[in-house]
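# Fold and contact review
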Amino acid sequence: MIVREGLRAMLAEWGYGVMAAESCAEALDLANRGPAPDLIVADYRLRDGRTGTEAIREVRLALGRILPGILVTGDTAPARAQEAEAGNFRVMHKPVIAADLRRAVAEALEPLRHERQTVA
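Described in the following lines is the structure provided in the data block. (Residues numbered from 1 in each chain as written. Predicted model: local features only at pLDDT ≥ 70, side-chain atom pairs only at ≥ 80, totals over all residues. Heavy atoms only, no water.)

### A word on the layout of surface pockets
Selection criterion: The definitions used throughout rest on a 1 Å grid laid over the protein atoms alone, on which a cavity is an enclosed set of points accommodating a 1.4 Å probe that cannot get out and a pocket is an open set flanked by protein within 12 Å on both sides along at least five of seven lines; lining residues are those having an atom within 4 Å of a point. Grid points are joined across faces, edges and corners, and a volume is the space filled by probe spheres set on the points. Note on conventions: DSSP H or I runs of at least 4 residues are helices, E runs of at least 2 residues are strands, and numbering of each starts at the N terminus.
In this structure, the largest pocket spans a volume of roughly 1300 Å³. What lines the largest pocket is a set of 46 residues, and nearest its centre among them are Leu7, Leu11, Met19, Val41 and Ala42. Here the lining of the largest pocket gets nine residues from one element, more than from any other, and that element is helix α5 (residues 98-119).

Below, the structure written as structure tokens:
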């Protein structure tokens, strides 16, 4: 809970709107109630034996679109990199440096920002 709240506060301080969930089920509920997120930042290990990989996949499925994802994990097994490649999301290994996370979030959202500028 402390890590989630710290991450939420940091992202909010950077100017992002944040919906924080403590489980895959809560993330799905938030995504379904809207507004839809532009990005998912998920820890690898979640409640009830679920994973951030599952959360990213299930939220994408619920929304019917591939939105960017960042998986934060202390697990450096090659399987995490394979999951990220298969799911088309980024993996960041703990401890994550705030500046690196800020850059990763900005990079993940860049195509959306560009798209909105082009349309507007």
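### Regarding the sheet that holds strand β1 (residues 40-43)
Rules: Paired strands are those between which DSSP finds at least two bridges. Under this scheme, a helix contributes an axis fitted over its contacting stretch, all axes are lines through C-alpha atoms, and angles between N-to-C directions fall in the 0 to 180 degree range. Throughout, a contact is declared for two residues whenever any of their heavy atoms are within 4.5 Å.
Strands sit in the order β1-β2-β3 across an open sheet of three strands; the sheet is parallel. Two strands close off the open sheet at either side, each with one partner strand: β1 and β3 (90-93). Going across the sheet, the axis of each strand differs from the next one's by a mean of 20°, ignoring polarity. Relative to β3, strand β2 (residues 69-73) is paired through four bridges, and the arrangement is parallel. Of the residues in β3, the one forming a bridge with Val72 is Met92. The strands touched by helix α3 (residues 52-63) within the sheet are β1 and β2, with β1 carrying the most contacts at an inclination of about 150°.

### Side note on the pattern of salt bridges
Keep this limit in mind: We define a salt bridge as a side-chain nitrogen of Lys or Arg found within 4 Å of a carboxyl oxygen belonging to Asp or Glu.
Under the definition given, this model contains twelve salt bridges. Close ionic contact of Glu54 with Arg50 constitutes a salt bridge, the shortest N to O distance being 3.0 Å. Put simply, Glu107 and Arg90 hold a salt bridge, and the shortest N to O gap is 3.0 Å. Taken together, the positions of Glu107 in helix α5 and Arg90 in strand β3 put the pair 17 residues apart, joining distant regions of the chain.

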